[in-house]
Amino acid sequence: MKFANGLMFALATALGTIVLLAVSVRGQDTPEALYKAKCVTCHGAHGAGDTRNGKKTGARDFGSAEVQNETDAQFIEIIANGKNMMPGYKKRLTDTQIKDLAAHCREMGNKK
Ligand code: HEC
């Protein structure tokens, strides 16, 4: 019986650890977190492109009319393959991550 209790405890601990790990991995994976980690240096916290790197590379405000006129497909294409000073991310991000990031950029633009 003692042994069984110990085993149950070990199993519960292992399971808890797996769940915690899964949650923390998922936490780093949200479009917001990815944006903060990879895009914010050029595009700025609110997508205005008002950072030093943003000005240097020519990143535009996501809320500007020109960017708003681009389609979601164009956003996805630019994030995946890059354009001018914008690096492409298709080797580092999955299709889903790129799609989610495109939606996140659109959302930031719409809030303006
Ligand atoms: C080194 C600076 C830099 C980084 C890092 C960067 N971008 Fe860009 N991004 C740019 C520039 C510059 C453009 C404008 C390209 C052009 O049209 O000449 C751009 C364009 C875009 C566009 C299309 C809108 C537009 O201005 O035409 C989207 C969407 C976008 N970036 C999203 C992202 C996302 C998402 C990330 C992170 C995964 C990211 N960018 C990282 C510089 C950057």
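Residues numbered from 1 in each chain as written. Predicted model: local features only at pLDDT ≥ 70, side-chain atom pairs only at ≥ 80, totals over all residues.

1. Overview of helix α7 (residues 95-110)
Between its first and last C-alpha, α7 extends 23 Å over 16 residues, near the 22 Å set by a 1.5 Å rise per residue. Taken residue by residue, α7 has I98, L101, A102, C105 and G109 as its buried positions. Burial along α7 is one-sided: seen end-on, the buried residues are contained in an arc of 105°. Pointing more than 90 degrees away from the buried face of α7 are the exposed residues T96 and N110. For α7, the secondary structure elements touched by its buried residues are α2 (31-38), α5 (65-68) and α6 (72-81). (Helix = DSSP H or I, 4+ residues; strand = E, 2+ residues; numbered from the N terminus. Expected span 1.5 Å × (residues − 1). Buried ≥ 20, exposed ≤ 12 C-beta atoms within 10 Å, placed from the backbone. Arc of directions from axis to C-beta. Contact = placed C-beta atoms within 7 Å.)

2. Things to note about the environment of L101
Relative to the helices and strands, L101 resides in helix α7. When the 22 C-beta atoms within 10 Å are taken as the criterion, L101 is described as buried. Considered as a pair, L101 and I79 are 22 residues apart in the sequence and their alpha carbons are 8.3 Å apart. With sequence-adjacent residues up to four places away left out, L101 is seen in contact with P31, L34, Y35 and I79.

3. Focus on the site of the ligand
Surrounding the ligand, one finds 24 residues, the nearest of these being C39, C42, T57, N84 and M86. Along the lines of polarity and charge, the residues of the shell around the ligand split into 14 nonpolar, six polar and four charged. (Near = placed C-beta within 6 Å. Nonpolar A, V, L, I, M, F, W, Y, C, P; charged D, E, K, R; others polar.)

4. Quick notes on the packing of α2 against α7
The interhelical angle for the contact between α2 and α7, taken along N-to-C directions, is 85°, at an axis separation of 9 Å. In this view, α2 runs roughly perpendicular relative to α7, as classed from their interaxial angle. Together, P31, E32, L34 and Y35 of α2 and Q97, D100, L101, A103 and H104 of α7 make up the contact between the two elements. Along the lines of polarity and charge, the residues of the contact of α2 with α7 split into five nonpolar, two polar and two charged. (Axes fitted to C-alpha atoms, helices over the stretch in contact; angles between N-to-C directions. Parallel < 35°, antiparallel > 145°, perpendicular 65-115°, else oblique.)

In short, geometric facts, not functional conclusions.
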